[in-house]
Every structure is written in C-alpha cells, then in structure tokens.
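The residues making up each chain are set out below.
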2 protein chains.
Amino acid sequence: MPKRVDHAERRTEIAQALVRAAGRLGLHAVGMRDVAAEAGVSLRLVQYYFESKEKLLLFGLRQLAAQFGARVAARVRAAGEDPGPRAVIEAVLTAALPVDDESRLFHHLYTSYAVLSVTDEALAAQPFIKDPDAAEATLSGLLRQAADAGLLRPGVDARAEAVGLLAMSAGLGTSVLVGQRDADSATAVLGYHLDRIFRDRPTGP
Amino acid sequence: MPKRVDHAERRTEIAQALVRAAGRLGLHAVGMRDVAAEAGVSLRLVQYYFESKEKLLLFGLRQLAAQFGARVAARVRAAGEDPGPRAVIEAVLTAALPVDDESRLFHHLYTSYAVLSVTDEALAAQPFIKDPDAAEATLSGLLRQAADAGLLRPGVDARAEAVGLLAMSAGLGTSVLVGQRDADSATAVLGYHLDRIFRDRPTGP
DNA sequence: GTCTTTGTGATACGAACGTACCACGTTGGT
DNA sequence: ACCAACGTGGTACGTTCGTATCACAAAGAC
C-alpha cells in the first residue's frame, strides 16, 4: 500500500491533528498517541514524519502562526476593497479575539505555546518576537497613514497606540477565553478605544 | 520527632515550593516529587497535606491570587498617603507588569493557570472571573472619581477605559514575559495611555 | 500507663509517556 | 529482474508520574 507520499502534506495533516487534539486536551496534556489517534494514523507514523515530540510541537507552532497570518489577511480582504484605515485596523485587532471556534482555538494554543516558551527555550525564538514586532510595525504604519490623512484626533502617537491596542486586543482575548467576558463586549471595548483615536466620523448629509 | 504541627502554615510552605518549582520548570512540568524536593520534605508529606495533585494546584492558585492582591495593595500604599487618583491607577496597572522576579513569576504562573483552566474545569471557577471583575470595578470606580473631580478629558467612559487598560496591562505583561518588549517600554506605553485620559497636569508656577 | 491519634518515612504499583527496535510489503531505479 | 530505499505496523523498553500501602515514632487523652 505504500505509494510515494508527499511529506510536506502529511506533516501538515499530522500537525493539524496536533492542534485539534491540543484544543481538546490542552497542549500540556497532548501526547504522541493522541495526535496519532486524532490523525487516524499509527503512532509509528507520527514518529516517522517528526522524529521527536519537540519537533512536532515546533512545527505545530509555526503552522499555527502561519494560519493566523492568513486569517488576518482574509479578514482585511473581507473588509471590502479599498476600505478606510479604520476598517482595516479594526479588522486586524478583532482577528485575534476568540469570537468563533477557530479563533478561540488559535488564541488558546498560541497562549499555551507562549507560556511554554518561558521555560522551554526551544520554542522561544521566532514567533513570539518577530511576529508581534511585525504586527506592531504594520499597525503603526496604518495609524501613521491615517494621521497623515487627517483622520486622527490631535496628539495621537501612532507607535504607542499600536503597541497599546495590540496588547489590549491580546488581553481582551484572554479574558474572553477564560470566560470572564463575552466576545461582543470585548469588541465593543475595542471599538470605543478606536473612537477615542479617530475623529468623529462625518455624519450623513 | 512528630510534634504537633500547624497544618495551614505547612500547606502554605509547600504551596510556595510549588510556586518556586513551577517558575523554574513550568507549571505543566512540575510534579509532586519536584515540590517535595523544593520544600525539603518527603513526597509522602506533600501527599499528606494535599491529598491529590489537583488539590495542591488549586491551593497554589488561590495563594497566588491572594499574594497578588497583597502586592497591589502594597503598591498603592507605597504611592504615598493620599496620592492623586492617577498615581493610584498607575500603581494598580503597573503592579501586573513583570518588572522584577516576583511579578514575573506571578505573571508567568497566573497565565499558566489561565491556560490550564480552559481545558480543566476544576481550576476555572473563582480566580479568573471574580478577581478580574473586582479589579475592573475598582479601577472603574477610581476613574469615575477622577472624572467627578474634573481630572479627566471630556468624553471618557470610565468602564470602557477600565476594561481596556486592564486588558492592555495584561497584554503588555505577556509581551514582556516572552521577551518581545522590555519592562520600561511597557510602562511607558501605559503612561502614554493614561496621559490620553487625564488632563494635562498643571505645570509648576 | 496504656491507647488512640497524628506526623513521617520508605517503598511499591499500575499506568502512561517518549522513544527505539524489528519486520515486512511496496515502489522506483537500473 | 533484482535491489536499495521508502513507508508502515507492531511492540518492547526504560522512565516518570500520581497514588496507595506498610511500618513506626512521638504526643496527647483518659
């Protein structure tokens, strides 16, 4: 039965199984056997495509980050063609909020990985510094654009707002995740803070 | 050698050992034997004072939350007697930032517990809903006081600001924890956002 | 002065974990 | 047609985990 197989695709499938299993059991509790069962393959195969658990976890993290990037891009695209700066910014910020199963799963696991990276340096490097830095630069650029277009209230510091808003979005996401707040309320808080940055929108004629 | 012993005190000591060990190894990786070694007692004793690991973890979480509450209170007291509302608010918000070993440890473990509580419902109930709700109410009240005293810029919504600032503080704390940002920068961002809420402080005569 | 409770040590047990090993069918190269 | 590499299954190994068991010394109760 062993036809030649696409390794990259197989690894992706197994990593997706890891993500699903981790969402159910918690990242700390998921084992190689759980991943194998979730993917519908034998334990041996998980070992075959990832030599060790650590490699599997690392690959899972990278895939998670990539998926999230794609999700943000999709959200921005869904904001319509040539949307206003505020729409784009709102799309970026709300993409991280756990409003549905997919984003909830993402937030849960990404936070799990972040906690792991504090004590396990193998996980630390890339996704927790480079990716947020990039997000910060992007958002900061968007705000500066908006400022140049005269859309912002006076005295707004693009960089400080970008950093603060991203942190707020992450923090709100966590509070939604643990059940302290519901998603609508978190969205409303973000909207309020954007209103404090942007000038009042022109009311209809 | 078995003199009569204060159970509560013993449990506290062991729970502190749990916290230290978890800070070193990660909460997911700490076992009963690690706690015993860290506390300098036998495995049996840990079992004796906490019947199961789950009970130990729960007690550790509650103790952590209590310690944090005390820390915030101390910070507020350290702001001087009869400090301005802004000083109190800044003390509350910066108390959660990982600026030293103690606060770093706290933020690390509290986030670990939060992640655990997503899949392990035994941990979920109290500290992740009640405590943040209380913090929110407190901060909201402080802001309302400041507004009544005419210290805030017009149009500020105390509740939305309280929720947003707490979320921002938590998010900034996490970014410091994973090494994306240093503590000073996080403090500066919080300061900037408070400046956007409070009126300009009167410049000296 | 016995006797029950309390605190403590050492150790054993069954399960689960990550990993390693062995065997075998299939495929593509030549 | 043969042979080396690939893909896969089954299973065993050593470790570690949380928990349970057995034994026993000290301290209060009466």
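Residues numbered from 1 in each chain as written. Chains lettered and ligands numbered in written order. Predicted model: local features only at pLDDT ≥ 70, side-chain atom pairs only at ≥ 80, totals over all residues. Heavy atoms only, no water.

Caption draft 1: Region of the structure containing the nonpolar core. If you look at the biggest cluster of nonpolar residues, it comprises 58 residues, and the most contacted ones within it are Ile89, Leu143 and Leu172 of chain A together with Ile89, Leu143 and Leu172 of chain B. Only helix 5 (85-95), helix 8 (130-148), helix 9 (158-177) and helix 10 (183-197) of chain A together with helix 5 (85-95), helix 8 (130-148), helix 9 (158-177) and helix 10 (183-195) of chain B provide two or more residues apiece to this core. Other than its neighbours up to four places away in sequence, Leu172 of chain B contacts Val163 and Ala167 of chain A together with Leu97, Arg181, Ala186, Val189 and Leu190 of chain B. (Core = buried A, V, L, I, M, F, W, Y, C linked by side-chain atoms within 4.5 Å. Buried < 20%, exposed > 50% of the residue type's maximum accessible area, 1.4 Å probe, protein only. Helix = DSSP H or I, 4+ residues; strand = E, 2+ residues; numbered from the N terminus. Contact = heavy atoms within 4.5 Å.)

Caption draft 2: Main features of the interface of chain A and chain B. If you look at the interface, chain A gives 42 residues, while chain B gives 42 residues. Between Arg181 of chain A and Glu136 of chain B there is a salt bridge, and its shortest N-O distance comes to 2.4 Å. Put simply, chain A and chain B have 15 residue pairs in polar contact (both at pLDDT 80 or more) between them. The biggest single contributor to the side of chain A that touches chain B is helix 6 (residues 101-119) of chain A, with 10 residues. Among the residues making up the side of chain A that touches chain B, the classes are represented as 19 nonpolar, 14 polar and 9 charged. (Salt bridge = Lys/Arg side-chain N within 4 Å of Asp/Glu carboxyl O. Polar contact = N/O pair within 3.5 Å; in protein donor to acceptor, adjacent residues only side chain to side chain. Nonpolar A, V, L, I, M, F, W, Y, C, P; charged D, E, K, R; others polar.)

Caption draft 3: Representation of the UniProt feature "domain: HTH tetR-type" (unreviewed entry) in chain A within the structure. According to UniProt, the feature "domain: HTH tetR-type" (unreviewed entry) maps to residues 8-68 of chain A in the numbering used here. The span residues 8-68 of chain A is 80% helical and 0% strand by assignment, and the distance between its end C-alpha atoms comes to 19 Å. (UniProt positions renumbered as here; feature names shortened; annotations may be inferred.)

Caption draft 4: Representation of the relation of the copies chain A and chain B. For the pair chain A and chain B, the relating rotation is 180°, the translation along its axis is 0.0 Å, and the fit reaches an RMSD of 0.0 Å. This pairing of chains is accounted for by a two-fold axis. The rotation axis passes nearest to the C-alpha of Met168 of chain A in chain A, at a distance of 1.9 Å. Interface overlap between copies: 100% of the residues of chain A at the interface are likewise at the interface in chain B, consistent with a symmetric, same-surface contact. (Least-squares fit on C-alpha atoms with pLDDT ≥ 70 in both.)

Caption draft 5: Structural detail: the domain arrangement of chain A. Residues and elements named next belong to chain A. Taken domain by domain, chain A holds domain 1 (1-51) and domain 2 (60-197). Placing a centre on the C-alpha atoms of domain 1 and another on those of domain 2 gives a separation of 29 Å. Contact with domain 1, which involves 9 residues of that partner, is made by 10 residues of domain 2. Here domain 1 meets domain 2 over a buried area of about 750 Å², counting both sides, of which 71% is carbon and sulfur. Applying the counting rule to domain 1 against domain 2 returns 0 salt bridges. Residues that form the side of domain 1 that touches domain 2 fall into these classes: 5 nonpolar, 4 polar and no charged. (Domains from an automatic or database assignment. Buried area = accessible area lost by both parts, 1.4 Å probe.)

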